[in-house]
Amino acid sequence: MVTVEPAEPADAAQVADFWVSLASGQRRYGSHIRAEASREPIRERMARAAADGRLDVARAAATLVGFVRYGIERGPLVQDAVRGRVHDLYVVPEQRGSGVGTALLDAAETALRDRGADVISVEAMADNEDAIRLYERRGYRPDRITLEQEVENDKRSRGDG
């Protein structure tokens, strides 16, 4: 049986390992994040999120099998809605399709609603059809679209010269 519960700061190293797997997997969808090089700052971020109550983990027996990190957006702009945001959601491959992702998303949505969110946003790489399917089944619809292009600079040459 899988349970979802608030993470402890001691879970941060394992969650950072999961995050590295998540970010590494996103490379096939075009992500530019250097996952392994980001391990230590992510471990610190996850420890802070756990201490602040913005990180939940899924456990099967005593083994971590997934996590979700979330929070309320803060910033200088005045908005007409309080936006909750799911920043990261990850389930180990052998548990995918078993409801763990849904349970983690449920926990994040509940926590965000309890903290005053009027709307909740999630993010997925454009080509990550599995993630998009999960979010669409839950009623999420596109809000913004980010477009990207490569540019010629000192680090990248298109071979034109």
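Everything below is about the structure printed above this text.
These lines cover the structure that appears in this document, whether it is placed above or below. (Residues numbered from 1 in each chain as written. Predicted model: local features only at pLDDT ≥ 70, side-chain atom pairs only at ≥ 80, totals over all residues. Heavy atoms only, no water.)

With respect to the pairing of strand β4 (residues 83-91)
The buried fraction of β4 is high, at eight of nine residues. With seven bridges joining them, strand β3 (residues 63-72) and β4 adopt antiparallel strand pairing. Opposite I72, over in β4, you have G84 as the bridge partner. Across four bridges, β4 lies against strand β5 (residues 119-122) in parallel orientation. (Buried < 20%, exposed > 50% of the residue type's maximum accessible area, 1.4 Å probe, protein only. Helix = DSSP H or I, 4+ residues; strand = E, 2+ residues; numbered from the N terminus. Pairing = 2+ DSSP bridges.)

Describing the sheet that holds strand β2 (residues 55-60)
In spatial order, the strands read β1-β2-β3-β4-β5; together these five strands make up an open sheet with mixed pairing. Only two strands of the sheet have a single partner each, and these edge strands are β1 (2-6) and β5. In this sheet, adjacent strand axes meet at a mean angle of 25° when their direction is disregarded. Docked against the sheet, helix α2 (residues 39-51) engages β2, β3 and β4, running at close to 75° with respect to β3. (Axes fitted to C-alpha atoms, helices over the stretch in contact; angles between N-to-C directions. Contact = heavy atoms within 4.5 Å.)

Here we look at the nonpolar core
W19, M46, L55 and F67 are the most contacted members of the largest nonpolar core, which has 41 residues in total. For this core, the secondary structure elements donating two or more residues are α1 (12-26), α2, β2, β3, β4, α3 (100-114) and α4 (129-137). In terms of residues, this core owes the most to one element, α1, which gives eight residues. (Core = buried A, V, L, I, M, F, W, Y, C linked by side-chain atoms within 4.5 Å.)

Regarding the environment of G66
Its location among the elements puts G66 in strand β3. Classification of G66 by relative accessible area gives buried; the value is 0%. With 75 residues separating them in the primary sequence, G66 and R141 have C-alpha atoms 24 Å apart. Aside from chain neighbours lying at most four places away, what touches G66 is F18, D56, V57, A58, Y90, V91 and L104.

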